[in-house]
Amino acid sequence: MKSTLSILLICFSLLSYSQKKALDQSDIGLWNTIDNEEISPNGEYVMYNLEQGEKDVFLKIKDAKAKLIFEHDRAEKGKFTTDSKYAVFTINAWKDSIAELKRNKVKKKDLPKDTLGIYNFETKQVTKIANVDNYKLPEKWSGYVAYMLAEVKSDKKKNKDSISNDKEGDTLTKGKKNKGPKKVSKENGYHLVLRNLKTQKEDTIKYVTNYTFAKEGQRFAYTTTGEKDKYSPGAYVLNLENNKEIQVFESHDQAKFYKLQFSDSGEKLGFIADLDSTKVQERPNELYVWKSGESKASQIINNTTAPKGYRVSSDGKISFSKNESKLYFGLATPSIIKDTTLLDEEIVNVEVWTYNEPKLYTVQELNVERDTKKSYETVLHLNTNTIIQLATTDYPNSNIGDEGDADQVLVSTSLPYELSRQWTALRTSDYALVDATTGNTKQIITNFSGGMRLSPKAKYVYGYDLVDSTWVSYNISTGKQLNLTKDKVFYNELNDTPNYPRSYGIAGWTENDAALLVYDRYDVWSINPTTGEMARLTKGRETKTQYRYVELDDDARYLDTDKPWLFTTFNEDTKHSGYYSYNAKRKKGEQELEGPYKYSRPIQAQDATDVIFTRESFTEFPDLRYSNLSFKKDTKISDANPQQKDYNWGTVELVNWTSLDGKPLTGMLVKPENFDPNKKYPMIVNFYEKNSDGLYRHKAPVYGRSTINYSFYASRGYLIFNPDIEYKDGYPGESAYNCLMPGVASLIAEGFVDKDNIGLQGHSWGGYQIAYLVTKTDLFKAVESGAPVSNMISAYGGIRWGTGLSRQFQYEHTQSRIGGTPWEYPMRYIENSPIFSLDKINTPVLILHNDADGHVPWYQGIEFFVGLRRLGKPAWLLNYNGEPHWPLKYQNRKDFNIRLAQYFDYYLKGAAKPMWMERGVPAIEKGINQGYELMENESN
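The sections below set out a description of the structure shown in this document. All of these numbers come straight from a predicted model, not from anything done at the bench. (Residues numbered from 1 in each chain as written. Predicted model: local features only at pLDDT ≥ 70, side-chain atom pairs only at ≥ 80, totals over all residues. Heavy atoms only, no water.)

## Remarks on the overall build of the protein chain
Counted only if it meets this: By definition, any uninterrupted DSSP run of H or I lasting at least four residues is a helix, any uninterrupted run of E lasting at least two residues is a strand, and each is numbered from the N terminus. Radius of gyration: over C-alpha atoms. The globule rule applied is 2.2 Å multiplied by the number of residues raised to the 0.38 power. Buried means the residue's accessible area, taken with a 1.4 Å probe over protein chains only, is under 20% of the maximum for its type, while exposed means over 50%, and partly exposed covers the values in between. Note on contacts: a residue pair is in contact if any heavy atoms of the two residues lie within 4.5 Å. Using a 1.4 Å probe, accessible areas were evaluated by the Shrake-Rupley method; residue-level cover was limited to the displayed protein chains.
Within the protein chain one finds 14 helices and 56 strands. The C-alpha radius of gyration computed for the protein chain amounts to 31 Å, which stays within 12% of the reference 30 Å derived for 940 residues, consistent with globular compactness. The principal-axis extent of the C-alpha atoms belonging to the protein chain is close to 85 × 75 × 65 Å. Per-residue burial for the protein chain yields a buried fraction of 53% across its 940 residues. In the protein chain, 55% of the contacts between residues at least 6 apart in sequence involve partners at least 24 apart. Carbon and sulfur atoms make up 49% of the accessible area of the protein chain, which amounts to about 43700 Å² in all.

So this is what it looks like as structure tokens:
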């Protein structure tokens with residue numbers, strides 16, 4: 001009987017596999033992704049977006065038992081109010097309808113605008129308000145929403161400004177009846193509506209240019225260009241507790257306002273005003289401050305009274321200290337005045353590059369807008385109206401401590417080291433402390449590589465010194481500097497680049513700056529910043545388990561020893577992860593959850609211990625789960641992709657082998673779900689550096705930008721092998737060969753790999769290594785090499801156009817791992833450059849390299865392609881015009897994935913040859929005929 005039952009179960013299992021479908025290109029659009037997940041402050045509701053096939057987004061709200069409470073199509077950007085009584089979101093037009101309107105040449109300004117949705121959890125009703133551009137909610141209190149209208153169909157009907165909700169309120173009137181409409185525009189402002197969520201009363205305020213809620217106090221501020229004969233332009237503050245409003249600043253309708261900002265309590269307001277109606281290039285900005293109890297804001301500083309050589313910046317951030325005794329704002333250097341009388345043909349258009357200027361011209365060019373808006377931190381002491389400039393052109397960067405309450409401010413400059421950064425890749429700076437009361441500056445640390453900052457209470461300056469590989473603290477009160485981890489291994493133990501090893505980071509500080517919590521490879525250590533005494537809090541090294549702190553409160557400034565701490569865990573050998581709770585008082589912890597999954601960073605409810613999180617594996621989609629901090633029981637909230645069960649999927653496992661250098665190595669092997677060890681399968685090797693830690697990452701079918709989709713290829717009968725690579729300085733190509741080739745050989749020896757049908761695929765650094773490998777072996781039937789460096793000599797002298805940086809540092813010290821210059825190690829550059837061995841290549845090569853690549857200059861792909869073409873080697877180059885390092889646009893990603901699958905199917909599975917591989921896509925047919933059609937009787 002048992003034997004019969006076993007046979008029946010086996011037959012049923014085989015039947016289930018045989019009935020499952022293989023993934024096809026048309027199936028990719030069926031897969032959903034989850035985004036923008038939130039848990040309500042009271043922990044009772046979960047809200048998230050579900051997007052299918054990169055098309056329309058659907059908003060869903062469920063309770064803690066996964067019961068659907070509310071859903072809406074095309075809705076996103078959802079937020080709960082802090083009292084958990086409402087959910088606010090925006091509703092977009094259907095994407096297909098927008099596409100059709102664009103096809104009919106409808107102008108952008110006439111396309112449908114967003115609608116604001118407000119869901120009431122008590123009444124279960126939803127209010128919809130049309131033509132909304134943006135909205136804001138108070139951060140720490142509830143009761144109101146403010147939204148800006150995208151357009152106004154009529155300005156003549158009172159309180160009918162495109163508001164399509166059921167209940168309308170009164171317009172805030174400030175004078176006589178309006179005599180005529182004024183154009184609604186960016187310059188004049190848009191109509192803003194302030195809505196009481198409970199009463200549904202709405203107040204419309206016209207021609208608003210800025211608006212904000214106070215973080216904690218119930219106050220609302222806005223600026224407006226005014227309405228003729230009705231109310232005057234200026235800045236207004238509305239007390240929402242008593243509904244009293246005052247105009248704190250009166251101006252003309254051409255005035256511009258910037259950086260409108262309350263203190264947390266709402267008792268103070270700061271803003272920048274530009275009251276000049278002319279078009280002068282140097283804007284006469286003025287800083288104003290209003291305090292509760294005062295009828296008008298006071299001018300604090302303008303360009304005339306600003307420190308010599310500086311002006312008030314309209315781009316610098318305005319903020320108040322936590323105790324509200326200080327206001328921080330920005331000063332800027334004078335604008336560079338252009339001669340606007342010159343004609344285009346009279347302007348000299350030349351770039352002047354200089355050998356000894358700190359930053360390369362290409363970096364300067366990309367940073368023109370940022371440098372134009374650069375501001376220097378300055379503090380206003382509100383009790384005395386004393387102004388102290390903190391950051392200057394000598395020390396342009398500032399770090400304010402203790403939420404602005406600290407008396408000392410850390411400032412720094414990297415200017416003396418910017419030139420050498422071109423090749424060292426080090427972020428080196430000098431540091432000083434500025435007394436926020438007197439302005440006195442004291443230099444404390446010079447030539448420090450790695451970055452320093454203030455501790456939460458600003459008692460210490462601390463950072464990781466890359467050169468000495470140690471954590472450093474500087475006691476502000478004593479002026480004593482201490483190397484906290486000197487001669488101890490708190491740096492990357494596995495560093496395999498010709499550079500100083502990085503740190504593992506920190507968990508944070510405990511209360512009152514008592515201890516700094518630092519990570520080593522596995523554990524968390526508590527270090528006294530004054531004495532250097534340290535204690536290990538976790539016991540991970542013994543089991544090769546990594547512990548990392550999870551901050552559940554976004555507002556927390558330190559680790560509270562009176563509350564339990566949550567850590568994530570990750571085992572290096574098994575790749576299992578989980579959650580671990582730690583009691584800092586008892587110095588004991590407990591593993592709450594662990595298993596063969598990848599767990600996300602939990603999100604905790606603001607006012608409860610409930611959390612939402614995800615777990616995933618190769619076979620399990622990361623659906624949302626609901627639990628509490630014990631994680632003893634969880635409820636699966638979402639079921640995003642139930643259709644997965646209908647498809648032949650795949651499995652993943654770790655494999656081990658030894659490199660040609662004698663090093664033990666690990667990699668991932670993906671097999672089809674219906675894998676039969678007695679069959680032989682085509683295999684694609686896909687790799688970068690080290691990826692085996694991602695064993696339990698889910699890989700849903702998507703049109704990826706640069707790599708094969710593991711689920712898609714496994715479903716269609718491929719094996720995928722992803723080997724970890726360990727590098728030797730100066731020999732990156734050889735390192736890849738020594739690690740990868742024996743790994744492939746070990747799998748061939750297992751008997752299930754079709755050794756005559758093995759492909760190779762990778763992008764960027766992976767693309768380079770593939771280009772190198774095919775000059776050394778004919779093992780692979782076909783390869784795809786994305787954005788490869790083919791010539792390290794010409795690439796060394798290139799520019800990373802995305803940042804403007806020279807590529808020199810990459811070869812001397814980072815990923816390319818040559819370890820020096822071409823004049824120091826010419827043979828290393830030649831030996832590692834595929835271009836010099838193209839005649840050795842006998843493998844078909846598909847190259848992806850886009851003409852707007854900001855990482856790897858696309859001429860590297862051209863050099864590779866035209867060299868192969870010159871030699872008559874089978875090669876194809878895909879260039880998605882205007883795309884960066886990878887194709888990002890949906891249509892281009894889809895195209896790349898179709899071509900990639902056709903390419904490998906032709907070479908590795910004997911499928912028919914697509915027309916584009918036979919004749920390309922002639923320029924005259926570009927964008928018209930894609931060449932996907934398969935040729936008859938043309939299989940490999």
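## A closer look at the packing of aromatic side chains
Note the cut-off: Between 30 and 60 degrees the pair is tilted, below 30 it is stacked and above 60 it is edge-to-face, where a pair is any two Phe, Tyr or Trp rings, Trp via its six-membered ring, whose centres lie within 6.5 Å.
Applying the stated rule across the entire model yields 54 aromatic pairs. Geometrically, the ring pair formed by Trp31 and Trp649 is stacked, given 5.8 Å between the ring centres and 20° between the ring planes. One end of the pair, Trp31, is in the loop between α1 (2-19) and β1 (32-39); the other, Trp649, is in the loop between β44 (635-636) and β45 (650-658), with 618 residues separating them in the sequence. Residue class for Trp649 comes out buried when judged on its relative accessible area of 2%. Where Tyr310 meets Tyr376, the ring centres are 5.8 Å apart and the plane angle is 80°; that geometry is what we call edge-to-face. Here Tyr310, found in the loop between β18 (298-302) and β19 (311-312), pairs with Tyr376, found in strand β22 (residues 376-381); they are 66 residues apart in sequence, far enough to count as distant. Accessibility expressed as a relative area gives 14% for Tyr310, which makes it buried.

## Some words on the nonpolar core
The line we're drawing: Residues belong to a common nonpolar core when they are buried Ala, Val, Leu, Ile, Met, Phe, Trp, Tyr or Cys residues joined through side-chain atoms within 4.5 Å.
Ranked by internal contacts, the top residues of the largest apolar core, which has 47 residues, are Met683, Val685, Phe721, Leu740 and Leu760. If near-sequence neighbours (up to four positions away) are discounted, Leu740 is found in contact with Val685, Phe687, Phe721, Pro723, Ile725, Leu760, Leu773 and Phe780. Residues Ile684, Leu908, Trp916 and Met917 belong to the second largest nonpolar core, which totals 33 residues.

## Examining helix α13 (residues 890-909)
Cut-off, in case you're wondering: Multiplying 1.5 Å by the residue count of a helix minus one yields the expected span of that helix.
Its 20 residues place the ends of α13 27 Å apart at the C-alpha level, agreeing with the 28 Å of an ideal helix rising 1.5 Å per residue. Summarising burial for α13: 16 of the 20 residues are buried, a large majority. One or two positions beyond α13, positive phi appears at Gly910, with a value near 75°.

## Some words on a negative patch on the surface
Spelled out, the test is: Residues form patches when they are more than 30% accessible in relative terms and have no salt bridge. Like charges link within 9 Å. Nonpolar side chains (Val, Leu, Ile, Met, Phe, Trp, Tyr) link within 5 Å. Salt bridge, as used here: a side-chain nitrogen of Lys or Arg that lies within 4 Å of a carboxyl oxygen of Asp or Glu. Positive charges are assigned to Lys and Arg, negative charges to Asp and Glu, while His and the chain termini are left out of the count. Where a charge lies is defined by one atom per residue type: Lys uses NZ, Arg uses CZ, Asp uses CG and Glu uses CD.
Residues Asp339, Asp344, Glu345 and Glu346 make up a contiguous surface patch of negative charge. Position of Asp339 among the secondary structure elements: in the loop between β21 (326-332) and α3 (361-366). Residue Asp339 is classed as partly exposed on the basis of its relative accessible area, which comes to 45%.

## Structural notes on the sheet that holds strand β24 (residues 397-400)
Put simply, the test is: Here, a strand pair is defined by DSSP locating no fewer than two bridges between the strands. For helices, the fitted axis covers only the stretch in contact; all axes are lines through C-alpha atoms, and the angles between them, taken along N-to-C directions, range from 0 to 180 degrees.
The strand order β24-β25-β26-β27 describes an open sheet built from four strands, whose pairing is antiparallel. The outermost strands of the open sheet, each flanked by one partner alone, are β24 and β27 (441-449). If you compare each strand with its neighbour and ignore which way they point, the axes differ by 25° on average. Here β24 pairs with strand β25 (residues 408-413) via four bridges, running antiparallel. Each residue of the ladder has a partner; that of Asn397, found in β25, is Ser412.

## Re the sheet that holds strand β5 (residues 75-80)
Reading across the sheet, the ten strands line up as β5-β6-β7-β8-β9-β10-β11-β12-β13-β14 and stay open at both edges, with antiparallel pairing between neighbours. Lying at the two open borders of the sheet, with one neighbouring strand each, are β5 and β14 (244-250). In this sheet, neighbouring strand axes are inclined to one another by 40° on average, regardless of whether the strands run parallel or antiparallel. Bridge count for strand β13 (residues 234-239) against β14 is six bridges, and the pairing is antiparallel. What sits directly across from Tyr236, in β14, is Gln247.

## Concerning the pairing of strand β39 (residues 588-595)
In this structure, strand β38 (residues 577-583) lies alongside β39, joined through seven bridges in antiparallel fashion. Bridge pairing in β39 links Tyr579 to Leu593. Hairpin geometry of β38 and β39 is characterised by an intervening segment of four residues between the two adjacent antiparallel strands and by a positive phi of about 55° at Lys587.

## Brief notes about the pattern of salt bridges
This structure, assessed with the given rule, holds 51 salt bridges. With a shortest N-O distance of 3.2 Å, Lys373 and Glu369 are connected by a salt bridge. For Lys373, a relative accessible area of 39% puts it in the partly exposed group. Measuring nitrogen to oxygen at the nearest pair gives 3.1 Å for the salt bridge that ties Arg817 to Asp496. Highlighted residues: Arg817 in the loop between α10 (808-812) and α11 (826-831) and Asp496 in the loop between β31 (480-483) and β32 (506-509), separated in sequence by 321 residues.

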